Amino acid sequence: MTGGPTVPTVRVLPITQGPPAGWPDSEPADRHPMRAMVAIAAFAPERWTASVAAEIGAFFGGLAPDWEHRVGPDHLDALHDALDRGGVEARARCVEVGSGTGAATPTLAAAFGAVTAVDLSVEMLRRAPAAVARVAGDAAYLPVRDASVDAVVLVNALLFPVEVERVLGAGGAVVWVNTRGDRTPIHLPASEVARALGDAWAVVASAAGRGTWAVARRRAG
């Protein structure tokens, strides 16, 4: 009997920064409505239509005025850990997908020479830092040239595998972060990130604080 598709191996690094006392403080968000959108983006992008994108953009636009209040002091622990231990080089060009109001943008601006922040919601971008280029765009059709960036960073953002592969240059990296692990509405475990990208990618992963992360690169050859 033939089995299903294999899941690429993920190299898991030891956790050096554990979660705070009392974590987890909520149930996994596996029943959150955004999980359906996560699955569509990663595994069935043909179901992502202009009307779906408009609906999601309007939803997050409505949340924009209060979005900054969702960010706590340890919100970026997993991102810092991914940049420190995931082997991500401080290269010149980074595109931040689903940048929102820019909670992670200053960290990326400090790590990369140039950052382009892309979000589906114009309302989110209006509240984002002006220090980097801000572009309204759909993650399924990034307003970025082929092979033109060195890192695609997704902090609680939808992963469209074909699109991130298109825009990444040789040696580039995909940085996937869920700031609250499986409590994050837009969440994929590292094994599912690896499955979505496919066997041509090598993935390393770990966790820090409340969050989880994965960094993927195309395999040599």
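None of the values given here were measured: they were computed from a predicted structure.

1. Some points on the nonpolar core
Move 1: Core analysis: the biggest nonpolar cluster contains 45 residues, and Trp48, Val152, Leu158 and Leu159 have the highest contact counts within it.
Move 2: Per-element accounting of this core gives the leading share, six residues, to helix α1 (residues 34-43).
Move 3: If sequence neighbours within four positions are ignored, Leu159 has contacts with Ala41, Ala42, Leu154, Val164, Val174, Trp176, Leu188, Val193 and Ala196.
Move 4: Core analysis: the second largest hydrophobic core is formed by 23 residues, Leu79, Ala104, Val132 and Val204 among them.

2. Remarks on the pattern of salt bridges
Move 1: Applying the stated criterion to the full structure yields 11 salt bridges.
Move 2: Measuring nitrogen to oxygen at the nearest pair gives 3.2 Å for the salt bridge that ties Arg180 to Asp25. Here Arg180, found in the loop between β6 (168-178) and α7 (190-197), pairs with Asp25, found in the loop between β1 (10-12) and α1; they are 155 residues apart in sequence, far enough to count as distant.
Move 3: Under the relative-accessibility criterion, Arg180 is labelled partly exposed at 31%.

3. A short note on the environment of Pro14
Move 1: One can find Pro14 in the loop between β1 and α1.
Move 2: In contact with Pro14, other than residues within four places in its own chain, are Arg85 and Ser206.

4. Side note on the sheet that holds strand β2 (residues 93-97)
Move 1: With mixed pairing, the eight strands of this open sheet are ordered in space as β1-β7-β8-β6-β5-β2-β3-β4. Each edge of the open sheet carries a strand with a single partner, namely β1 and β4 (133-136). The sheet shows a mean angle of 20 degrees between the axes of neighbouring strands, taken without regard to direction.
Move 2: Relative to strand β3 (residues 114-119), β2 runs parallel, the two sharing five bridges. Residue pairing in the sheet places Arg93 in a bridge with Ala114 of β3.

5. Brief notes about unusual backbone geometry
Move 1: Omega for the bond connecting Trp23 with Pro24 falls within 30 degrees of zero, at 5 degrees, which places this linkage in the cis form.
Move 2: Considering the arrangement of structural elements, one finds Pro24 in the loop between β1 and α1.
Move 3: Of note, the phi angle at Ala147 is positive, near 50 degrees, even though the residue is not glycine.
Move 4: Summarising the element assignment, Ala147 is placed in the loop between β4 and β5 (149-155).

6. Description of the packing of aromatic side chains
Move 1: On inspection of all chains with the given rule, the structure shows three aromatic pairs.
Move 2: For the ring pair Trp48 and Phe160, a centre distance of 5.3 Å and an interplane angle of 70 degrees mean the geometry is edge-to-face. With Trp48 in the loop between α1 and α2 (50-63) and Phe160 in the loop between β5 and α6 (161-167), the pair connects residues that are 112 residues apart, well separated along the chain.
Move 3: You can call Trp48 buried: its relative accessible area is 5%.
Move 4: Phe160 sits in the buried class, given a relative accessible area of 5%.
Move 5: An angle of 80 degrees between the planes, with centres 5.1 Å apart, marks the rings of Phe59 and Phe60 as edge-to-face.

Thresholds applied
Residues numbered from 1 in each chain as written. Predicted model: local features only at pLDDT ≥ 70, side-chain atom pairs only at ≥ 80, totals over all residues. Heavy atoms only, no water. Core = buried A, V, L, I, M, F, W, Y, C linked by side-chain atoms within 4.5 Å. Buried < 20%, exposed > 50% of the residue type's maximum accessible area, 1.4 Å probe, protein only. Helix = DSSP H or I, 4+ residues; strand = E, 2+ residues; numbered from the N terminus. Contact = heavy atoms within 4.5 Å. Salt bridge = Lys/Arg side-chain N within 4 Å of Asp/Glu carboxyl O. Pairing = 2+ DSSP bridges. Axes fitted to C-alpha atoms, helices over the stretch in contact; angles between N-to-C directions. Phe/Tyr/Trp six-rings, centres within 6.5 Å; stacked < 30°, edge-to-face > 60°.

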